[in-house]
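# A structural walkthrough
Below are the chains, spelled out letter by letter.
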Amino acid sequence: MALMKPQQTTGTDPLADSFGRRISYLRLSVTDRCDFRCRYCMPERMQFLPKREILTLEELATLADAFIARGIRRIRLTGGEPLVRRGIDDLVRAIGRRIGDGLDELTITTNGSQLRGHAAALADAGVRRINVSLDSLDADRFGFITRGGDLATVLDGIAAARDAGIAIKINMVALKDLNEAEIEPMLRWCAAEGHDLTLIETMPLGEIEDDRTDRYLPLDGVRRDLDQRFTLSPVDYRTGGPARYVRVEELDAKLGLITPMTNNFCDGCNRVRVTATGQIYMCLGHDDRLDLRGALREGGPGDIDQLLDRAMRMKPERHAFRIDTPGAAPTVTRHMSVTGG
Ligand code: SAM
Ligand code: SF4
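Residues numbered from 1 in each chain as written. Chains lettered and ligands numbered in written order. Predicted model: local features only at pLDDT ≥ 70, side-chain atom pairs only at ≥ 80, totals over all residues. Heavy atoms only, no water.

### Comments concerning the site of ligand 1
The test is simple: The nearness test applies per residue and asks whether one of its heavy atoms lies within 4 Å of the molecule or strand. Pairing of N or O atoms within 3.5 Å defines a polar contact, subject to two protein rules: one partner must be a possible hydrogen donor and the other a possible acceptor, and residues neighboring in sequence count only if both atoms are side-chain atoms. Numbering goes from the N terminus for both helices and strands, where a helix is a DSSP run of H or I of at least four residues and a strand is a run of E of at least two. Residues are grouped as follows: nonpolar covers Ala, Val, Leu, Ile, Met, Phe, Trp, Tyr, Cys and Pro; charged covers Asp, Glu, Lys and Arg; every other residue, Gly included, is treated as polar.
Around ligand 1 sit 19 residues in total, of which Tyr 40, Gly 80, Thr 109, Ser 133 and Met 203 are the nearest. Between an oxygen atom of ligand 1 and a side-chain N or O atom of Tyr 40, the distance comes to 2.9 Å. Elements that contribute at least two residues to the shell around ligand 1 include exactly strand 3 (105-110), strand 5 (167-174) and strand 6 (196-201). Tallied by class, residues from the shell around ligand 1 come to six nonpolar, 10 polar and three charged.

Rendered as C-alpha cells:
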C-alpha cells in the first residue's frame, strides 16, 4: 500500500519524511560493543569499531538535544550493550533532564547483564520502562544463544530494575528449534512476574556463522499456535515502536509481536536510528546513511539541521528484508549491534 503524498520539512520544523510520516522517535546507539555474542546478532569474533570513531558522551547529549529541538519526543538508548559504555549513567542523567522539556520518554534496551549496577541511576534519571532481551529461561540454552551470558545475573538485574520501580518489557527473538518450545513458558513467566513480552522475528542483518533461514521462525505461525491454546484479543496499546499487541485473556498478559518479515509495519514508521559513530540511518533495512559526526565535529551552526532535512527526504518507504533463500547474503551488511536495535 502506498503512503501519503510527499511533503518536506526544513530548518527547525518538526521532522517529517517525504511520505508524510512524522518522525518523533530516535534510537540512539551509545556503543557497538557488547559483553554477549548472541548467535543471531553477531559472529563470535566480532570486529568492533575503533574507539576514536565513537561519539563522546557530550557529543551524544548534543545530538539528543538537536533531535529534541526537531520534535523527537522519545529516545531509546541502545547498542551493542548500552550499559557497558563507561559513563552511561551520566549520559542518561543528561538526556533525562529533557523529560518534560521537549522529551516525553527516555528508555533503554539492554541485555540485563549490568542492570543491577545501573537500575537505581536509571530510575533516578527518569527512566520508567526498559526493554530487556531474554531469549531463554533455561540457563544452558541462554548461555548457548548468548555465547556465555549468565541467566542468573540477568534475572537478578531484572529484579533490581523492577525494585527500582521500572516497568520491564522482555524482548525474545523467536528462533526455530532453539527457543521455540519456550515461547509459552516465557509468556507464563512474564505474566506471573508482571512483565510484558514481545516476540521478534529474526532479521537478515550482518554476517553470522549460522544460516538465518535455519533459525527463522515466522510469527504468524506462532500466533496461530497460541490462538489454539489461549484467547488472544487485539488491543490498541502502542509503545511508539513497531510491536502490535494482543491481550492473552487467560493470563491477563500483554503480548507484543514484531513481524518485519511476515507483516510489514513500515506504513506507521516514526523513527530513525543513529549509530555510536554518529551515522544516521533512516531505515534499519537499508544502507543509506548520513554522517552527523562530521557536522558535529567540523560543521557550523545549522549543519545538523540541514542533514536532518536531507535525511527526511531520503527516508525510504519500507524495508527490503528477504530471508527466504537459504545461504543468501544478509540484506543489510551491518549488524543489528552497529545500527542499534
Ligand atoms: N544489547 C542490547 C540487547 O540485547 O537488548 C541492545 C541491543 S540489541 C542489538 C537490540 C535488540 O535487537 C535485542 O532485543 C536483540 O535480541 C535484537 N536483535 C539483534 N539482532 C537481531 C536480528 N538479526 N534480528 C532480530 N532481532 C535482533
Ligand atoms: Fe549483544 Fe544485544 Fe547483540 Fe546480544 S543482541 S550480542 S546482547 S547487542
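### Remarks on the site of ligand 2
Within the structure, ligand 2 sits among Cys 34, Phe 36, Arg 37, Cys 38, Cys 41, Met 42, Gly 80, Asn 111 and Ser 337. For the shell around ligand 2, the class distribution of residues is five nonpolar, three polar and one charged.

### Some points on the packing of aromatic side chains
Any two aromatic rings considered together are summarised by their centre-to-centre distance and by the angle between their planes. What counts here: For Phe, Tyr and Trp, where Trp contributes only its six-membered ring, two rings pair if their centres lie within 6.5 Å, and the inter-plane angle classes them as stacked under 30 degrees, edge-to-face over 60, or tilted in between. We call a residue buried when its accessible area falls under 20% of the maximum for its residue type, exposed when it is over 50%, and partly exposed in between, using a 1.4 Å probe and counting protein chains only. Definition used: whenever NZ (Lys) or CZ (Arg) falls within 6 Å of the ring centre and also within 35 degrees of the ring normal, the charge is taken to sit over that ring.
Evaluated as defined, the whole model comprises one aromatic pair. Between the aromatic rings of Phe 36 and Phe 142, the centroid separation amounts to 6.0 Å while the plane-to-plane angle is 85 degrees, which identifies the pairing as edge-to-face. Here Phe 142 lies in helix 4 (residues 139-146) and Phe 36 lies in the loop between strand 1 (25-29) and helix 1 (57-69), a separation of 106 residues in the sequence. Relative accessible area serves as the criterion here: at 6%, Phe 36 is assigned to the buried category. Over the ring of Phe 144 we find Arg 39; its NZ or CZ atom is 3.7 Å from the centre of that ring.

### Re the side chain of Asn 179
Applicable threshold: Note on contacts: a residue pair is in contact if any heavy atoms of the two residues lie within 4.5 Å.
With respect to the element layout, Asn 179 can be found in the loop between strand 5 and helix 6 (183-193). Engagement of the side chain of Asn 179 in a polar contact is seen with the backbone oxygen of Asp 135, the distance being 3.0 Å. For Asn 179, the residues in contact, after removing those within four places along its chain, are Asp 135, Arg 141, Ile 145, Met 172, Val 173 and Ala 174.

### Points about the pattern of salt bridges
This is how it is decided: A pairing counts as a salt bridge when a side-chain nitrogen of Lys or Arg comes within 4 Å of a carboxyl oxygen of Asp or Glu.
Per the stated rule, a full pass over the model turns up 17 salt bridges. Asp 309 is the partner of Arg 70 in a salt bridge, and the nearest nitrogen-oxygen pair spans 2.8 Å. Remark: Asp 309 occurs in helix 10 (residues 303-314) and Arg 70 occurs in the loop between helix 1 and strand 2 (74-78); sequence separation between them is 239 residues. Here Arg 70 falls in the buried class, since its relative accessible area comes to 1%. Residue classification places Asp 309 among the buried positions, given a relative accessible area of 6%. A salt bridge links Asp 156 to Arg 116; the shortest N-O distance between them is 2.6 Å. You can see Asp 156 sitting in helix 5 (residues 151-163) and its partner Arg 116 sitting in helix 3 (residues 115-124), a full 40 residues away along the chain. On the accessibility criterion, Asp 156 (32% relative accessible area) is partly exposed. Residue classification places Arg 116 among the partly exposed residues on the basis of a relative accessible area of 48%.

These results come straight from atomic positions and should not be treated as a statement about function.
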